[in-house]
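Chain by chain, the residues run as shown.
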Amino acid sequence: MNDHSIETIGITKEYPGKEKPLVAVDHTDLLIRSGELFGLLGPNGAGKTTLIKMLCTLILPTEGTAKVGGYDIVKEAAKVRETIGWLHGETGGRALYWRLSARDNLRFYAYIQNVPSDVARKRIEALLEFFDLKREADSLVKDYSTGMKVRVMLARTLLPNPPILLLDEPTVGLDAQTAIETRKLIQTLNRELHKTILLTSHNLYEVEKLCERVAIINTGKIVALGTMDQLAHLIHEAKTVEVRLEGTDGEAATQIIQQLDLIRRVMMSERSGDGWIIRAEVSDLDSAIPRIANALAGNFRIRGISEIRPHLEEIFVKITEGNNHG
Amino acid sequence: MDNQLITYFQDNVAPDKSEVRQIWGIFWGQLKIFMTYRTWVVTDTFNTIVSIAIYYFLSLQVQPSQIAASGYGTSYLAFSLIGIAFANYLWFCINRISHSMQSEIREGTFETIASSPIRMRSYLFGQAARGFLVGLYYMVGALAVGVYGFNAPLHFEPAALLTSSLVLVFMVLSHLGLGIFIAGIVLVYKQADPVTFMVSLFMEFFAGALFPLQLLSNYPPLAIASELMPYTYALDALRKSLIQGATLASQDILFDLAVLVVYAVILLPLGLWSFNVGYDRIRTEGTTSSY
């Protein structure tokens, strides 16, 4: 496998429309490094699922190319399918055989995913144990809860031990405890077994916590791509600094901070418990923190000064809104 | 993640790509699913017995001389029993592939299959194998009810059974391409019931499931259509072996088998090719999950 497990070059998918073609994915370039845990975000209908289905060889691109595990998704589709594990969590367990038990579903998928029988037996028992399905392993899936079905789907995706995992909403429908366990599992699969993981989720906290890099797709185009820091920089021209003080004399401190030349504006200044919090937008973060500390030193007791980083949710909303209106 | 689980995923296992194993996997899974529909199995068994009873009472109305003229003995019950039992069997086998395809798409399992390493032809053969085995249950049941319940005079000697079994295998192989073709129609149009109904009607009529083909000799276009049906040759061989006791030593049986082989060699690749055309079309349209 080369340095990039997933590579798309100008990949495009158009569906026929009534008046003009509907462009679901529009000349998208994406490079995902081998062993990377990469997040793909986008509002509903942005093109995430079409892009993932193209990578799974289920949809043929109209234009452009893509390689998964070094194999072309059109010319070497069979090889691509040997390399990937795809989980479509949003189906809520629809993609399982409901009239088979969890164990039989896994046995069935072991056959079609070329997992040798002796290996499959051991892995199936270990996966049933891990996903807490052992007690109901021989009951028909139709009687399972949504969360249990998603756990069976996760187990099925992991069964053949593919090097590349395409996890489309892996924690949807899971209870909090299983969702936490699943996130840990995703992290472990990435860190210890070096799986390349493309993760899509509407749970932005999940993506922020797990992914090294994130791409935001909107109306078929990648509108932002980078680490959390890089994405944060895209929506904030100036950085935000938070100053936490002891005591209640925050207004005086606010006036001193406002007078500093690298302060663009004070965004917030308010009492917080037995202390005071001031937030200000600064033009240069590196010099702002020591300058603020110097200005307040002696007259105020400083609990802390730190940079405030926006959450992925804020970044996502700003970028997709800006893209829709722009 | 506990350490025990992770140990099972650290080994570098060579995949088992055996096509026979893939076919067995599909067959095994589908059969297990089928066996969960107990009411359906019981109802179908009941229907089979009732239909044989109807043919028995019909046979009481037909003169033995009319059947004798066709060269298949003198019992209309034996004549029609074979015609219908094997037509139903064949129909069950062909229909199963497209019906399974329809339910796989509806239930969302088709995309999982299609994105896994299994070869599409292994998937289709595995689906067909399930149909052939389950259909065998009904077909043998129908023959047993006809013979032991209504005294249909059939030959169950080893040589006749061996011959008819071989004919059965080639009958299935010669029609498998048609079943796969219809499955391809289901992929694209999501429905194939009108097509399958028409095919079953034509097959039963033109192969003479319920009447001697000599009756068509006055209508040349119909007689030609009859000769073009592979089921005509399968039915001829089955009737000769089970009614007259003919074996593989018979020239007529060997001729019928040869025709079935030719049909299998032509129709099977055509069926697979047309299925792949349909599969590529839904991948282009992005409708692998639409129903």
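Here's what I pulled together on the structure shown here. In this numbering scheme, every chain counts its residues from 1 along its sequence in written order. The order in which chains are written sets their letters, starting at A; the order in which ligands are written sets their numbers, starting at 1. With the structure being a predicted model, the display of local features is reserved for residues of pLDDT at least 70 and the display and counting of side-chain atom pairs for 80 or more, all residues being used for whole-chain, interface and lining totals. Working from all heavy atoms in the structure, the side-chain values ignore hydrogens and water.

Thoughts on the packing of helix H5 (residues 76-107) of chain B against helix H8 (residues 158-189) of chain B
All names here are of chain B. Where helices are involved, their axes are fitted lines through C-alpha atoms of the stretch in contact, as for all axes, and angles between N-to-C directions lie from 0 to 180°. Put simply, DSSP marks the helices as runs of H or I at least four residues long and the strands as runs of E at least two long, and each gets a number from the N terminus on. Viewed as axis vectors pointing N to C, H5 and H8 meet at an angle of 30 degrees, and their least axial separation amounts to 9 Å. Between H5 and H8, the angle falls in the class roughly parallel. The two elements H5 and H8 meet at a crossing, and its hand is right-handed. For the pair H5 and H8, contact is made by Phe-86, Tyr-89, Leu-90, Ile-94, Ile-97, Ser-98, Met-101, Gln-102 and Ile-105 and by Leu-168, Met-171, Val-172, His-175, Leu-176, Leu-178, Gly-179, Ile-180, Ile-182, Ala-183, Val-186 and Leu-187, respectively. Any residue outside Ala, Val, Leu, Ile, Met, Phe, Trp, Tyr, Cys, Pro, Asp, Glu, Lys and Arg is labelled polar, Gly included; the first ten of those are nonpolar and the last four are charged. Tallied by class, the residues present in the contact of H5 with H8 amount to 17 nonpolar, four polar and no charged. Each angle receives one of four descriptions, namely roughly parallel if under 35 degrees, roughly antiparallel if over 145, roughly perpendicular if within 65 to 115, and oblique otherwise. Handedness of each helix crossing follows the sense of rotation of the near helix against the far helix: counterclockwise by less than a right angle gives left-handed, clockwise gives right-handed. By definition, residues are in contact when any of their heavy atoms lie within 4.5 Å.

Describing the interface of chain A and chain B
Across the contact, 49 residues belong to chain A and 48 residues belong to chain B. We define buried area as the total accessible area lost by two parts upon association, computed with a 1.4 Å probe and summed across both. A buried area of about 4,400 Å², summed over both sides, lies between chain A and chain B, and 61% of it is on carbon and sulfur atoms. Its largest share of buried area at the contact with chain B, chain A owes to A:Arg99, A:Tyr111 and A:Asn114, together 16% of the area lost on that side. The working definition used for a salt bridge is a side-chain nitrogen of Lys or Arg within 4 Å of a carboxyl oxygen of Asp or Glu. At the boundary of chain A with chain B, the tally comes to three salt bridges. Measuring nitrogen to oxygen at the nearest pair gives 2.8 Å for the salt bridge that ties A:Lys53 to B:Glu111. Nitrogen and oxygen atoms within 3.5 Å of one another constitute a polar contact, given that in protein one can donate a hydrogen and the other can accept it, and given that sequence-neighbouring residues count only through two side-chain atoms. Counting across the chain A and chain B interface gives 14 residue pairs in polar contact (both at pLDDT 80 or more). Sorting the residues of the side of chain A that touches chain B by element identifies strand E1 (4-15), helix H2 (77-83), strand E6 (84-88), helix H3 (102-112), helix H4 (117-130), helix H5 (146-158) and helix H6 (176-191) of chain A as the ones contributing at least two each.

Overview of the nonpolar core
One recurring pattern in soluble globular proteins: nonpolar side chains tend to sit buried together. The biggest cluster of nonpolar side chains holds 106 residues, and the ones touching the most others in it are A:Leu166, B:Phe86, B:Met101 and B:Tyr231. Ranked by the residues each element gives to this core, the list is headed by H5(B), at 17 residues. Residue contacts for B:Phe86: discarding those within four places in its chain leaves B:Leu81, B:Met139, B:Leu143, B:Leu168, B:Met171, B:Tyr231, B:Leu238 and B:Leu242. Of all hydrophobic cores here, the second largest spans 57 residues; its members include A:Ala95, A:Leu165, A:Leu185 and A:Leu199. Side-chain atoms within 4.5 Å link the members of a nonpolar core, which is a set of buried Ala, Val, Leu, Ile, Met, Phe, Trp, Tyr and Cys residues. Think of it in three bands: residues with accessible area under 20% of the maximum for their type are buried, residues over 50% are exposed, and the middle band is partly exposed, with areas taken using a 1.4 Å probe on protein chains only.

Observations regarding a nonpolar patch on the surface
Residue and element names in this part refer to chain B. A cluster of nonpolar residues, Val-262, Ile-266, Leu-270, Trp-273 and Val-277, forms a patch on the protein surface that exposes about 510 Å² of accessible area. Structurally, Val-277 can be placed in helix H12 (residues 251-285). Assessed through its relative accessible area of 44%, Val-277 is described here as partly exposed. For patch building, the residue pool is restricted to those with more than 30% relative accessible area and no salt bridge; the joining distance is 9 Å between like charges and 5 Å between nonpolar side chains (Val, Leu, Ile, Met, Phe, Trp, Tyr). Accessible areas in this description were obtained via Shrake-Rupley with a 1.4 Å probe; residue shielding takes into account the shown protein chains only.

Description of the packing of aromatic side chains
Residue and element names in this part refer to chain A. Within 6.5 Å between ring centres, the rings of Phe, Tyr and Trp (the latter by its six-membered ring) count as paired, and their orientation is classed by plane angle as stacked under 30 degrees, edge-to-face over 60, tilted in between. The final tally for this structure, using the stated rule, is 13 aromatic pairs over all chains. Consider the rings of Phe-130 and Phe-131, whose centres lie 4.9 Å apart with planes at 90 degrees: the pair is edge-to-face. Each member of the pair, Phe-130 together with Phe-131, is buried. Taken together through their ring pairs, the aromatic side chains of Tyr-97, Phe-108 and Tyr-109 make up a single cluster.

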